[in-house]
Amino acid sequence: AISSGRVHMAIDRLRADLGRLREEIARADAGDRDALARLEELAGQVQRELDEENAVGDPAGLVDELEEAITGFEARHPNLTAIVNNMLVALGSMGV
């Protein structure tokens, strides 16, 4: 079983990363608007789950969607990629 302390730390990290992700999306090149909109949508989904339940209902599904959303971003958006990777680590520590 995963300790509740570890889950709370992961949730706190996710909240911080969500803020950074949104700032980075706002600064990103508009040429990637569709992909950025998808990332923003996923960020909103995570935010709602954290706000409503202080948990993420399907961390594994979210990991898959986030990984798919940043495919091809590494070169153009290294900061975005790094933030999403941090989120993936946080989700992983929640039992994915």
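One can find the structure itself at the top, above this paragraph.
Cut-offs used in this document
Residues numbered from 1 in each chain as written. Predicted model: local features only at pLDDT ≥ 70, side-chain atom pairs only at ≥ 80, totals over all residues. Heavy atoms only, no water. Helix = DSSP H or I, 4+ residues; strand = E, 2+ residues; numbered from the N terminus. Rg over C-alpha atoms; globule rule 2.2 N^0.38 Å. Buried < 20%, exposed > 50% of the residue type's maximum accessible area, 1.4 Å probe, protein only. Contact = heavy atoms within 4.5 Å. Areas by Shrake-Rupley, 256 points an atom, 1.4 Å probe, with all protein chains shown as cover. Expected span 1.5 Å × (residues − 1). Salt bridge = Lys/Arg side-chain N within 4 Å of Asp/Glu carboxyl O.

(A) Local environment of the overall build of the chain. The secondary structure content of the chain amounts to four helices and zero strands. Reading the chain from its N end, one meets helices and strands in the order α-α-α-α. Relative to the compact-globule value of 12 Å for 96 residues, the chain shows a C-alpha radius of gyration of 13 Å, a close match. Overall size of the chain, expressed as C-alpha extent along the three principal axes, is 45 × 20 × 20 Å. Counting every position in the chain, which comprises 96 residues, the buried fraction comes to 40%. A separation of at least 24 residues holds for 71% of the contacts in the chain among residues at least 6 apart in sequence. Accessible surface, the chain as shown: approximately 5,200 Å² in total, 50% of it carbon and sulfur.

(B) Up close: helix H4 (residues 78-92). Taking 1.5 Å as the rise per residue, H4 with 15 residues should run 21 Å; its terminal C-alpha atoms sit 21 Å apart, in good agreement. Packing partners of the buried residues in H4 comprise helix H1 (4-27), helix H2 (33-53) and helix H3 (59-69).

(C) Summary view of the pattern of salt bridges. If you walk through the whole model with that rule in mind, you get seven salt bridges. The closest approach of N and O atoms between Arg27 and Glu24, which form a salt bridge, is 2.8 Å. Taken together, the residues span about one helical turn, with Arg27 and Glu24 both in helix H1 at a distance of three residues. Judged by its relative accessible area of 58%, Arg27 falls in the exposed class.

Any functional reading would require information beyond the geometric quantities listed.
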